[in-house]
Amino acid sequence: MKYIDEFNDPQLARRLLDEIRATATRPWALMEVCGGQTHSIIRHGIDQLLPEQVELIHGPGCPVCVTPLEVIDKALEIASRPGVIFCSFGDMLRVPGTDRDLFRVKGEGGDVRVVYSPLDALELARRNPDREVVFFAIGFETTAPANAMAVHQARRLGLSNFSLLVSHVRVPPAVEAIMTAPECRVQGFLAAGHVCSVMGMAEYPELAERFRVPMVVTGFEPLDILEGIRRAVRQLERGEHRVENAYPRAVREEGNPAAVRMIEEVFEVTDRNWRGIGRIPASGWRLTDAFRAYDAEHRFDVSGIRTEEPAECRAGEVLQGLIKPTECGAFGTTCTPRTPLGATMVSSEGACAAYYLYRRMNAPAPQAGGTAQQEVTPVA
């Protein structure tokens, strides 16, 4: 498959690994921001193939994982009400709220449906004028254009029975929060290519300059990730801190202007709570006043729901890159995909899910490279 197979070439992977080994002369800690990149890294054993000088730290790049517990509880409350069709991507159905999840609500009689696009939910609203249809609008900048388009279309079609429960988050403020944390060890970033394909790269040079960290926009296949690491390590060794685009087949510097215009028409920047992390200023979006009638949180009067994170779950530390999943005492014991304490264990982009799925069960997790070279093939 074009743009997939050629980025899984074992010989090219070995060359890139050799270049990284030849370049790295000191210890460096890089954070991959995206959960999709985390899963690719763990699946292909990339972190175990790197030289011991290069450590990969998993960041808060899983939108399901950072959706705060109180928003999950709001979703559960809305989905439980009669006359509601609650629509969501499949990842969200297993995410635990305070005492249940959306699968439990569905089992108890709630009309909870998995959809593949917010426009699917919009079509349900058109076909069911006597029902309230709510779409769970989560995600980073990547999913925001489609969600904005759904609301825009609902207003154009005059559909008054459609709304969004919004929990959108933005990457640049999260990067700033990570770099200003006192425990931060991050010296460079692999930036999420899909986010930059929408928003472009304009917000990153200021962050790279202020915190003096290289930021390399990176894709998701093994060679994409290794090339991103190679460029980041090269910058660090040279004392540079620039933004580079290592994913030009998908990312342009200006991003997707039409998508950005749609986002700016429908959403406005707001402070947002991140699960396990806390409140990050200007790190999210909410519907503007012009589209507030489509805000499910206000429509169903659930804005007053407040909850606390379970103390046993250390997902917040995982999301901040402070610990690896295997350093949590609950990992693989009381917290499994069947009995998750947090979203990082059940999301398809969660770091805990990646470690469990690919059998990284030993604690503590090995740092990048380690001292023993393992025979791990870095390709599918």
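Residues numbered from 1 in each chain as written. Predicted model: local features only at pLDDT ≥ 70, side-chain atom pairs only at ≥ 80, totals over all residues. Heavy atoms only, no water.

As annotated in an unreviewed UniProt entry, the chain carries the name Hydrogenase expression/formation protein HypD and is attributed to Streptomyces collinus. Looking at the Sequence similarities (unreviewed entry) heading of the UniProt record, one finds this comment for the chain: "Belongs to the HypD family." (UniProt positions renumbered as here; feature names shortened; annotations may be inferred.)

Before going further, it helps to spend a moment on the sheet that holds strand β3 (residues 84–88). As a general point, the strands of a sheet are linked pairwise by backbone hydrogen bonds and lie either parallel or antiparallel. Pairing in this open sheet of six strands is mixed, and the strands run β4-β3-β5-β6-β11-β10 from one edge to the other. If you trace the sheet from one side to the other, it starts and ends with β4 (111–114) and β10 (267–274), each paired once. Neighbour-to-neighbour, the strand axes of this sheet turn through a mean angle of 25 degrees, independent of strand direction. Lying over the sheet, helix α7 (residues 118–127) contacts β3, β4, β5 (132–139) and β6 (162–169), oriented at roughly 170 degrees with respect to β5. Each of β6, β10 and β11 (278–287) is contacted by helix α9 (residues 171–180), which is oriented at about 175 degrees to β11, the strand it contacts most. (Pairing = 2+ DSSP bridges. Helix = DSSP H or I, 4+ residues; strand = E, 2+ residues; numbered from the N terminus. Axes fitted to C-alpha atoms, helices over the stretch in contact; angles between N-to-C directions. Contact = heavy atoms within 4.5 Å.)

Here we take up the pairing of β4. Summarising the sheet, β3 and β4 pair through four bridges and their orientation is parallel. Residue pairing across strands places Cys-87 opposite Arg-113, the latter belonging to β4. For the crossover from β3 across helix α6 (residues 102–107) to β4, the handedness is right-handed. (Right-handed = clockwise from strand over helix to strand, strands pointing away.)

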